[in-house]
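A structural walkthrough
So you can see what is in the structure, the chains are spelled out below.
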Amino acid sequence: MKRSAALSPLSRDHQHALDAALRLRRANDATVIEAIARFERFFDEEGRRHFTIEEDLLLPAISVDDPEWAPCVARIRDDHAAIRAAAGALADPQPAVDHLAHARALGERLTAHVRFEERVAFAILERRLTAPDLERLGRAIAEAERQGGQ
């Protein structure tokens, strides 16, 4: 599916997220440490900023009272919270933490999250926002990307 230029920076981030998620999902005892390190690099360099941009710019783009958009907003917020928590659990050096199970579960959650945003949330935004509103959103996303999501 051709993505709107306004949302394409976020879709590029999603490609990087899917790469990190795939490594987590396919991790085994020999590769789990490397997969976790790859995810942590992605999350520190792009993921956290990406979540902030979505929460600050994307989620308020349509009224949260909208019956089609409200469940999307709730799902995205829940996913972001769960992914942040899982990222923190992976960083826990305690041996009691089953890093392989956590890594695989995080990979599954991150993959499902990206697919939901691309297939459902972005499609709603592209369908419901006017062309000028979508362009304004795109400019705001581009500016936030330049500023590092601040």
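Located above this text is the structure these notes cover.
Residues numbered from 1 in each chain as written. Predicted model: local features only at pLDDT ≥ 70, side-chain atom pairs only at ≥ 80, totals over all residues. Heavy atoms only, no water.

What follows deals with helix α4 (residues 99–128). For α4, spanning 30 residues, the distance from its first C-alpha to its last is 41 Å, which sits close to the expected 44 Å at 1.5 Å a residue. Along its length, α4 shows its largest kink, about 40°, at Glu 117. (Helix = DSSP H or I, 4+ residues; strand = E, 2+ residues; numbered from the N terminus. Expected span 1.5 Å × (residues − 1). Bend = angle between axes of the 7 residues up to and from the residue.)

Once that is clear, we can look at helix α1 (residues 8–25). The terminal C-alpha atoms of α1 lie 25 Å apart, and with 18 residues this matches the ideal 26 Å at 1.5 Å per residue to within 8%. Pro 9, Leu 10, Ser 11, Asp 13, His 14, Ala 17, Leu 18, Ala 20, Ala 21 and Leu 24 are the residues of α1 that are buried. (Buried < 20%, exposed > 50% of the residue type's maximum accessible area, 1.4 Å probe, protein only.)

Okay, the packing of aromatic side chains next. Under the defined criterion, the tally for this structure stands at three aromatic pairs. With 5.6 Å between their ring centres and 80° between their planes, Phe 43 and Phe 51 make a pair best called edge-to-face. Under the relative-accessibility criterion, Phe 51 is labelled buried at 3%. Through pairs of rings, three or more aromatic residues link up here, namely Phe 39, Phe 42, Phe 43 and Phe 51. Cation over ring: Arg 75 sits above Phe 116, and NZ or CZ is 4.2 Å from the ring centre. (Phe/Tyr/Trp six-rings, centres within 6.5 Å; stacked < 30°, edge-to-face > 60°. Lys NZ or Arg CZ within 6 Å of the ring centre and 35° of its normal.)

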